[in-house]
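Here's the letter readout for the chains.
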Amino acid sequence: MRIRPKYIDFLITDTSEYFDMHIRNYITPLLLVLALNNLQLLAQVPAQAQPEMEAQLQAQVRQDILLEKNWKFTKGDPSGASGIGFDDRSWEKVTVPHDWAIKGPFSKTNDLQTVQVVQNGEKVASEKTGRTGGLPYVGVGWYRTTLPLQNWKPQQRVFLLFDGAMSQSRVFVNGKEASFWPYGYNAFQAEITHLLKKPEGNNIAVRLENQDQSSRWYPGAGLYRNVHLIITSDIHIPVWGTWVTTPSVRKDLAQVRLRTTIDIPSVNEKVTGTEKVAGTEKTLRLHTEILNPSAQVVSSLTTYKSDKSAIADQHFTIPNPVLWSPEHPALYTAVSSLYDGDKLIDKYTTRFGIRSISFDENLDFRLNGEQRKFKGVCNHHDLGPLGAALNVSALRRRLLLLKDMGCDAIRTAHNMPSPELVNLCDELGIMLIVESFDEWKAPKMKNGYHQFFDEWAEKDIVNMVHANRNHPSVVLWSIGNEVPDQRTKDGQAIASWLQDICHREDPTRLVTLGMDQIDAVLKNGFAAVLDVPGFNYKPSRYKEAYDQLPQGFLLGSETASTVSSRGTYHFPVKKGPDMIHPDNQSSSYDLEYCAWSQTPEDEFIAQDDNRFTLGEFVWTGFDYLGEPSPYESNWPSHSSYFGILDLAGIPKDRFYLYRSRWNTKANTLHLLPHWTWPGREGEITPVFCYTSYPAAELFVNGKSMGIKHRKNTGIQERYRLMWNDVRYSPGTIKVVALDSLGKAVAEQEIRTAGKPHHIELIADRNTLQSNGKDLAFITAQVVDAKGNLCPHASNELLVSLEGNASFKTIANGDPTSLELFHEPHMKAFNGMLVITAQSGRQEGSAKLIVKSKGIKSANINLYIK
């Protein structure tokens, strides 16, 4: 008999005490109900009556100003840079978010790391030349700007909110230190009211320092996420000051609970130099309206609180709720207005979703009562050629590509995500595992997080939970990844401690962790402690873990790590680990992987054959800067090969393998490899087909190579169709998909390409917002006279822009390319690259022109509105 995990009882007890009596009787005892919202300070309430008046009232009582422009930056550590009168006129003028290292140049000596590896049974030193991307992120950098406080008034309070700053942030206001926060991935805030002088001339300086050997991938550098200046009344709702849960969710009725913290200065506390009068008490009024996805008010409530009470607890009943899911990401909005008597003193908007989730040994994972398995990917935070600097357009493009693949979940490996990513996942319908750490007390890196863990781990977990617990997309917390503490005597206690902090701050979600030391964690009790045991690269041992653990389910928290280079194929085709080729590329036949990982199908089989598995999170959705396994010691490789899409965001062949499995609303038919192989005439050139159809027939120059069906045996044969004995002959290969009755229903054809003739441009969108930061991604292809992609083309493409847009970046997805992303020229990689154009701040149009020597140019129009 399996022992019932204690955390399920804990969570049910905690949430059930919130239910009104007339709701409790309808709750299924085993259902763990969650509610989520997306906290957005000053987010516009959806269109309703008198929206302009609402916005004006909110602006009067609360301001959230993005500090984007007019920053000065320098690399280095000049003396006195925190001071008011410091001369920064020679510093570079930058816009935040900003990544100081992404412009390079690349060098194998940047953060060159040496690690111990085992060869022939002995430990030897191995250089990791591209482990952190070969970019100059190490060192100290300073940012300075003047705070826009011209309208600041006495009795108002002022805060700074950093969504992330890389790293060891020291914030100075008017020469005095206001805050220190070491972890570069976390959000943090500081009140600076007491450091301000008069409304004009207040200076902020930020010192950041990245140590060498502090990361296993490219972390970025600088103020790479948004910085907020927040101005409120003295009595106000603080940052992350609302908490929404949904204790009961049914199709006909939902119960919403909103707890609002009210920050009330204590008696005699100085606020901007003015003391509060002792002994006075006020009655505060909190009026909250709940708006449905159509911006209609569906419930409202007014609560009266003495100014000695800090939390207002409001309960709402929502009839016929529209439930949030990846398929229908419906979002509600709570608009909270705080009054002192009849005076409006604060207005706070909280976006959330109504949905239920449950994890149970008999029901597995259920969302809104429906069983499902995670179809997820892990992603690092960098945006390829943009570096770590946040951009909403780039994030949205990535998420839409993943959605088209059928992906419904992301693990934010291995750190806290940006608020913009979580907001977009709420809007687009992607579930999230929000992760915290790659390192605890036991070090992985010489200068990793272990040096801060004892003092800062709880603070970091609390900020992570408070910043993200209102989001409907967030379904699990993760307290770590492959931490060496799995094997230490203190590891189990640390895991329990971190998990308890998550439960204390949010009793509505379970906690997981990615484990790779399966022998140790099954023996020492580490895995048994976790709410949801997550295993990295252990599909062959899932059944063993299930039999030994009490939870009744487990998660593929990190899977596959298949490696490939888009458009590159090596012969003869082989399956195996750590294959090294002279060109530093991995084959897109999708049969190469690392010594510790597998092919996609190894995980597919484990997920399909074991009902107790909760799904998988593939490593990774996109290629990222750094960790170029299996070429970590083979410069110039400096970005990963793991991605299902390359560093430029172009799908690799593997994209269609996952799409054929995950996207159940669209059919997939994809043929590989390309069919331009001069010099390989008559040689074996296997042809694979990734398809959602049950069978297909292959034709080479009109001759049938036979019909292939998916099999119930083997590994690759269960999920891909393979013609392994095809001999190359120039011309055409065509695959015809067959339905279950053997009827031809779709086809794809690939032709042998001629010489490069011209360039073709395809934009992800042609209309941009005139905000100075919207992006269009234009794929450039080198094609022959008939429009066939030239798959070996490496022509250098030159980019220019005319009109109300500017060139931003260029990337070709080649992990070995040392060409700089910010220069308007680059060689195509296997015939393709992607150009990023950035909108101007005025409406109008722009023309992007791409030229290359010896072939016809191309242009495309963009419209800025």
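Here, every reference points to the structure presented above.
The text that follows walks through the structure, step by step, so that each part is easy to find. If you're wondering where the values come from, they're calculated on a predicted model, not measured in any experiment.

### Here we look at the sheet that holds strand E23 (residues 357-360)
Ordered in space as E23-E24-E25, the three strands form an open sheet in which the pairing is antiparallel. The open sheet has two edge strands, E23 and strand E25 (370-371), and neither has a second partner. Where E23 lies against strand E24 (residues 364-367), four bridges are found, and the strand directions are antiparallel. Considered in E24, the bridge of Ile357 is made with Leu367.

### Focus on the packing of helix H4 (residues 392-405) against helix H12 (residues 653-662)
Viewed as axis vectors pointing N to C, H4 and H12 meet at an angle of 60°, and their least axial separation amounts to 8 Å. In this view, H4 runs oblique relative to H12, as classed from their interaxial angle. Here H4 contributes Leu401, Asp404 and Met405 to the contact with H12, which in turn contributes Phe655, Tyr658, Arg659 and Trp662. A class-by-class count of the residues in the contact of H4 with H12 yields five nonpolar, no polar and two charged.

### Topic: unusual backbone geometry
What you tend to see is this: most non-glycine residues have negative phi, and most peptide bonds are trans. Val96 connects to Pro97 through a cis peptide bond whose omega is 10°. Checked against the element boundaries, Pro97 lands in the loop between strand E4 (92-94) and strand E5 (113-119). Of note in the backbone geometry, Asp578 takes a positive phi value of approximately 50° without being a glycine. Among the structural elements, Asp578 can be located in the loop between strand E33 (576-577) and strand E34 (592-593). In this structure Asp578 comes out as partly exposed when scored by relative accessible area, which is 38%.

### Looking at the environment of Met166
Residue position: Met166 is located in the loop between strand E8 (156-162) and strand E9 (169-173). As for Met166 and Pro219, which are separated by 53 residues in sequence, their C-alpha atoms are 7.6 Å apart. When near neighbours in sequence (up to four residues on either side) are disregarded, Met166 contacts Trp100, Gly184, Tyr185, Leu208, Asn210, Pro219, Gly220, Ala221, Gly222 and Tyr224.

### Concerning the environment of Thr508
Its place among the elements puts Thr508 in the loop between helix H7 (491-505) and strand E30 (510-515). Considering only alpha carbons, one finds Thr508 and Trp181, 327 residues apart in sequence, at a separation of 28 Å.

### Notes on the sheet that holds strand E2 (residues 63-66)
Here we have four strands laid out as an open sheet, ordered E2-E13-E8-E11, and antiparallel in their pairing. The open sheet has two edge strands with one neighbour each: E2 and strand E11 (188-191). Each adjacent strand pair in this sheet contributes to an overall mean axis angle of 20°, direction not counted. Looking at chain direction, E2 and strand E13 (residues 227-233) are connected through four bridges and run antiparallel. Across the sheet, residue Gln63 finds its bridge partner in E13, namely Ile231.

Parameters at a glance
- Each chain has its residues counted from 1, running along the sequence as written.
- Local features in this predicted model are restricted to residues whose pLDDT is 70 or higher, and side-chain atom pairs enter the listing and the counts only when it is 80 or higher, whereas totals over whole chains, interfaces and linings include all residues.
- Hydrogens and water molecules were not included; the side-chain quantities draw on all heavy atoms of the structure.
- A pair of strands is labelled paired if DSSP reports no fewer than 2 bridges between them.
- We count a stretch as a helix when DSSP gives it H or I for four or more residues in a row; a strand needs E for two or more, and each element gets its number in order from the N terminus.
- The angle between two axes is taken between their N-to-C directions and runs from 0 to 180 degrees, where each axis is a line fitted to C-alpha atoms and a helix contributes only its stretch in contact.
- Should an angle fall under 35 degrees it is called roughly parallel, over 145 degrees roughly antiparallel, and 65 to 115 degrees roughly perpendicular, with every other angle called oblique.
- Working rule for contacts: check all heavy atoms of both residues, and any pair within 4.5 Å makes them a contact.
- By the convention adopted, Pro, Cys, Tyr, Trp, Phe, Met, Ile, Leu, Val and Ala count as nonpolar, Lys, Arg, Asp and Glu as charged, and the other residues, Gly among them, as polar.
- Each residue is placed in one exposure class: buried if its accessible area under a 1.4 Å probe, protein chains only, is under 20% of its type's maximum, exposed if it is over 50%, and partly exposed if it falls in between.

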